[in-house]
Amino acid sequence: MIRGLKTRLAHWIAAGRDIRGDLYHALFTMGWPAFIFGIGIVFVLANGGFALAYLAQPGAVVHARPGSFADAFFFSVQTMATIGYGIMYPGTFYANVLMSLETLIGLFGVAFATGLAFARFSRPRARIRFSETAVVSLYHGVPTLMFRVANQRGNQILEARVQVTLLRNEHSPEGQTMRRFRDLVLLRDSTPSFSYSWTVMHPITGNSPLSGTSRAALEAEDAELVVTMAGLDETLAQTIHARHVYRPAAIHWGHRLRDVLSKDAHGRYLIDYGHFDDIEIEPPET
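Please read all numbers here as calculations on a predicted model, not as lab measurements.

Bringing the nonpolar core into the picture now. The tendency in soluble globular proteins is for nonpolar side chains to be buried side by side. Phe130, Phe147 and Tyr246 are the most contacted members of the largest nonpolar core, which has 29 residues in total. Going through the elements one at a time, strand 3 (128–130), strand 4 (134–139), strand 5 (142–151), strand 6 (157–171), strand 9 (197–203), strand 10 (224–233) and strand 11 (238–246) are the ones with two or more residues in this core. Here this core takes 5 residues from strand 6, the largest share from any one element. Beyond its immediate sequence surroundings of up to four residues, Phe147 is in contact with Phe130, Ser131, Thr133, Ala134, Val164, Trp198, Thr199, Val200, Val227, Tyr246 and Leu257. Judged by nonpolar contacts, the second largest core, of 13 residues, contains Ala53, Tyr54, Phe75 and Val77.

Okay, structure coming up:
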């Protein structure tokens, strides 16, 4: 238990260092619950600090109970948010100077939080789905690596391009081990318009980095297939990106992808997402 607490503390400290190194990036990429919680903590701490400053001079806030931190805190909230005062208002020159400073900080704080929230909302996101598994099956008599990609929005992704890279440990004749990238040549790595489903295919020929390999060999090399996809979303008119990684356990030899594309009564293409990740054993050659 103590070891687990130490591990969590180390992660928190490391995360804190990362945030201090690039605060904007951290606030931009963290999850919404963490973002809202962080903004809330800053808001409470800032108002708490100003509340203590108001309490430093007795009578600074008119109609506030003497020594009441709660009254000073809520007066600070009204000032920072420029809500407008009720029965409490600044009663001394010191309080007015402090109120002016807090209002200025509040204006910058609201502008910063609003801009950051808008940037998070407006950030383009790719609704690209990758099949959970990849297969190696025969295609025109050649063993071929295949996996499936789908555009879940149903609109057009223009000039879509996909790249597949094999990342594995390789050993030099001198005994050095290096992590190397090997690009896989695809039958088709781009399409002018991507709207439904796309089966990405890599023929495993003699020149392929996957030639002569197997799942066990890939696991021994700590290999993984890194898939990246990019294109222009016609609705957003912005470039979107998607990434997926296939570990050796997700690559099945001697299987094929189950067909998921069909047409309805009106001739429109339909994708059966219920079977999007399904595979089946490749039938024997006849």
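Right, let's talk about the pattern of salt bridges for a bit. Under the defined criterion, the tally for this structure stands at 12 salt bridges. One salt bridge in this structure joins Glu224 and Arg247, with 3.0 Å as the shortest N-O distance. Of the two residues, Glu224 sits in strand 10 while Arg247 sits in the loop between strand 11 and strand 12 (251–253), which places them 23 residues apart along the sequence. The structure contains a network of salt bridges with shared partners spanning Arg168, Glu170, Arg182 and Glu221.

Interaxial distance between helix 3 (residues 32–55) and helix 4 (residues 69–80) falls to 8 Å at its minimum, and their mutual angle equals 120°. In this structure, helix 3 crosses over helix 4, and the sense of that crossing is right-handed. For the pair helix 3 and helix 4, the contacting residues are Phe43, Val44, Ala46, Asn47, Gly48, Phe50, Ala51, Leu52, Tyr54 and Leu55 in the first and Phe69, Ala72, Phe73, Phe75, Ser76, Val77, Thr79 and Met80 in the second.

Once that is clear, we can look at the packing of aromatic side chains. This structure, assessed with the given rule, holds 9 aromatic pairs. Look at Trp32 and Phe35: their rings are 5.5 Å apart centre to centre, the planes differ by 90°, and that puts the pair in the edge-to-face class. In this pair, Trp32 and Phe35 both sit in helix 3, 3 residues apart, roughly one turn of the helix. Clustering of aromatic rings is evident, with ring pairs tying together Trp32, Phe35 and Phe121. Stacked on the ring of Trp32, the Lys or Arg Arg120 has its end atom at 4.2 Å from the ring centre. Here the basic side chain of Arg148 rests over the ring of Phe276, its NZ or CZ set 5.3 Å away from the ring centre.

In a regular helix each residue adds 1.5 Å, so 12 residues correspond to 16 Å; helix 4 covers 16 Å between its end C-alpha atoms and thus fits that length. Where burial is concerned, most of helix 4 is hidden: 9 out of the 12 residues are buried. The set of residues buried in helix 4 consists of Asp71, Ala72, Phe73, Phe75, Ser76, Val77, Gln78, Thr79 and Met80. At the C-terminal side of helix 4, Thr82 shows a positive phi close to 50°.

Phi is positive for His63, which is not a glycine, with a value near 70°. Note that His63 resides in the loop between strand 1 (61–62) and helix 4. In this structure, Asp222 takes a positive phi of about 50° despite not being glycine.

Thresholds, definitions, all that
- Throughout this document, residue positions are counted from 1 along each chain, in the order its sequence is written.
- Only residues with pLDDT of at least 70 get local features here, since the model is predicted, and only at 80 or more are side-chain atom pairs given and counted; chain-wide, interface and lining totals rely on the full set of residues.
- In computing side-chain values, all of the structure's heavy atoms are included and hydrogens and water are not.
- Nonpolar cores were defined as sets of buried Ala, Val, Leu, Ile, Met, Phe, Trp, Tyr and Cys residues, with membership established by side-chain atoms within 4.5 Å.
- Using a 1.4 Å probe on the protein chains alone, a residue whose accessible area is under 20% of its type maximum counts as buried, one over 50% counts as exposed, and one in between counts as partly exposed.
- Strands are runs of DSSP state E lasting at least 2 residues, helices are runs of H or I lasting at least 4, and numbering of each runs from the N terminus.
- For this analysis, residues touch if any pair of their heavy atoms sits within 4.5 Å.
- By definition, a salt bridge exists where a carboxyl oxygen of Asp or Glu is found within 4 Å of a side-chain nitrogen of Lys or Arg.
- For helices, the fitted axis covers only the stretch in contact; all axes are lines through C-alpha atoms, and the angles between them, taken along N-to-C directions, range from 0 to 180 degrees.
- The hand of a helix crossing depends on one turn: near helix anticlockwise from the far one by less than a right angle means left-handed, and clockwise means right-handed.
- Within 6.5 Å between ring centres, the rings of Phe, Tyr and Trp (the latter by its six-membered ring) count as paired, and their orientation is classed by plane angle as stacked under 30 degrees, edge-to-face over 60, tilted in between.
- We call a charge positioned above a ring when the Lys NZ or Arg CZ atom is no farther than 6 Å from the ring centre and deviates by at most 35 degrees from the ring normal.
- In a helix, the anticipated span is given by 1.5 Å times the number of residues less one.

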